Amino acid sequence: MQFNIRQSDLINPLVNLLRNTSNVNNELKSIQIEAISNDRIRLISSNGVNTLEYTLPALDVAGDTVMVNAKDFTEIVNRLRGLIKFDNGSIKCDNKKVKIGVINESYLQSDSTTPENSKQFDFNDLKNVIKNRVFACGEQSQAVLNSLCVNNNEIAATNGSVLSVGALSTETGFENLLISQNLAKEIIQCFEGETVNIGTVGSKIVIYDDILKLTGASVSGTYPNYSQLIPNNYAKRIMLEKNILIDNLDLMSVIADTKSPIVKLTFDKGKLILESEYSGSEGVSELEVDYTFEPMTIAFNINYLIGVLKNTNDDVVELQLGDTNLSPAVVRGSNETTIIMPVQIRA
């Protein structure tokens, strides 16, 4: 197997391919290199669940397929600059030459099946909505609740205490398509272009563009009907400056119990008071807000509340409160809605 390729074209794909081999053994720790034509090569890695395939431009491509150690190959290429010449494990660049072992076999198969129901998306829009939902995924025994649910133009995620729903600018055509956290994170990290396509092949989800194809299994099961869980009739609605609130919550988090980090929010005429205490330490912060309702104190897990705010795009968000301090609160942005469950206030 021989080819010449620019280091700048190779290094980012290798980093992603290497990451995809983490927590696997033997041949799956390798990257498979295939000749597609005299000016293109395909690189593949798999962790047994997700498969990454890169199609890259190259020069003077000849030969069949080889496997190389993912870590060794990536670290070598990372230390080179300019045009790299690969010849059956011999790697030359300028006056440098390194030899690594190769296996002249093919363990991984590229799937050329055309995905069903494939649709193109603006990648920045898709990336943003997925990224802002991943934080809300759970770490539970049920795979369904650890996944993201794609439902028409919405993507939802929940961990039982937070339910976050974001809207895409494009209809997906999918209903109850469940994407694992791991696959969602790979989408965010691997793709870089302006658009990306998503389709299905049987039980597999295929995300692809002109350079990269990412394939993973969809999660089987039925996601909860989250739209029924979102309150729409709350009268108490308060507009809040997101970054100011985050800064004050971040200060309160230093005081909060690390095992049970609670912050109390007390709303009164024209003000919001944040309070946190633990083991003799306490913190208090007061903010001006447009609040005209009856005084109310409600408490949240401070990490969840900060996570909700940080994963909202808007600088100003609307906080909606129910009649009691145990009613789920709603945080709304321009294209996202998040429910956060309060915690019982300690006596």
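### Observations regarding the overall build of the protein
Alright, step 1. When helices and strands are tallied, the protein shows six helices and 26 strands.
Alright, step 2. Judged by the C-alpha coordinates and their principal axes, the protein covers about 75 × 45 × 35 Å.
Alright, step 3. The buried share among the 347 residues of the protein stands at 50%.
Alright, step 4. In the protein, the share of contacts with a sequence separation of at least 24, taken over all contacts with a separation of at least 6, comes to 64%.
Alright, step 5. If you sum the accessible surface of the protein, you get close to 16,900 Å²; carbon and sulfur atoms cover 44% of it.
Alright, step 6. If you average the places of the 30 positive and of the 42 negative side-chain charges in the protein, the two averages end up 6 Å apart.

### Section: unusual backbone geometry
Alright, step 1. With a phi angle near 50 degrees, D60 is a residue other than glycine that sits in the positive phi range.
Alright, step 2. Relative to the elements of secondary structure, D60 occurs in strand β5 (residues 59-62).
Alright, step 3. With a relative accessible area of 56%, D60 lands in the exposed category.
Alright, step 4. Located in the positive-phi region is S279, a residue other than glycine, with phi close to 50 degrees.
Alright, step 5. Structurally, S279 can be placed in the loop between β21 (271-278) and β22 (281-288).

### Structural notes on the state of the cysteines
Alright, step 1. What the rule picks out here adds up to zero disulfides.
Alright, step 2. Here C149 is not disulfide-linked; the sulfur of C137 is the nearest cysteine sulfur, at 11 Å.

### Quick word on the sheet that holds strand β25 (residues 329-332)
Alright, step 1. The antiparallel open sheet is built from eight strands, whose spatial order is β15-β12-β13-β14-β26-β25-β24-β19. Of all strands in the sheet, those with a lone pairing partner are β15 (177-180) and β19 (236-241), marking the two edges. Within the sheet, the average angular offset between the axes of one strand and its neighbour, ignoring direction, is 20 degrees.

### A few points about helix α4 (residues 181-190)
Alright, step 1. Of all the ten residues making up α4, seven are buried; the element is thus mostly covered by neighbouring parts of the structure.
Alright, step 2. For α4, the set of buried residues is Q181, L183, A184, E186, I187, I188 and C190.

### Remarks on the nonpolar core
Alright, step 1. One finds I33, I41 and F73 to be the most contacted residues of the largest nonpolar core, which totals 86 residues.
Alright, step 2. Among all residues touching I33, those that are not within four sequence positions of it are M1, F3, I41, R42, L43, D64, T65, V66, V68, F73 and F86.
Alright, step 3. Counting 13 residues, the second-largest nonpolar core is a separate cluster that includes A156, L163, Y223 and Y226.

### Brief notes about the packing of aromatic side chains
Alright, step 1. Within the structure shown, the criterion is met by six aromatic pairs.
Alright, step 2. Between the aromatic rings of F123 and F191, the centroid separation amounts to 6.1 Å while the plane-to-plane angle is 55 degrees, which identifies the pairing as tilted. Here the residue F123 occupies a position in helix α3 (residues 123-134), and F191 occupies one in the loop between α4 and β16 (195-201), the gap between them amounting to 68 residues. In terms of burial, F123 and F191 fall into one category: buried.
Alright, step 3. With 6.5 Å between their ring centres and 75 degrees between their planes, Y223 and Y226 make a pair best called edge-to-face.
Alright, step 4. A relative accessible area of 6% means that Y223 is categorised as buried.
Alright, step 5. An aromatic cluster of at least three residues, connected via ring pairs, comprises F3, F73 and F86.

How each quantity is defined
Residues numbered from 1 in each chain as written. Predicted model: local features only at pLDDT ≥ 70, side-chain atom pairs only at ≥ 80, totals over all residues. Heavy atoms only, no water. Helix = DSSP H or I, 4+ residues; strand = E, 2+ residues; numbered from the N terminus. Buried < 20%, exposed > 50% of the residue type's maximum accessible area, 1.4 Å probe, protein only. Contact = heavy atoms within 4.5 Å. Areas by Shrake-Rupley, 256 points an atom, 1.4 Å probe, with all protein chains shown as cover. Lys, Arg positive; Asp, Glu negative; His and termini not counted. Charge placed at Lys NZ, Arg CZ, Asp CG, Glu CD. Disulfide = S-S within 2.5 Å. Pairing = 2+ DSSP bridges. Axes fitted to C-alpha atoms, helices over the stretch in contact; angles between N-to-C directions. Core = buried A, V, L, I, M, F, W, Y, C linked by side-chain atoms within 4.5 Å. Phe/Tyr/Trp six-rings, centres within 6.5 Å; stacked < 30°, edge-to-face > 60°.

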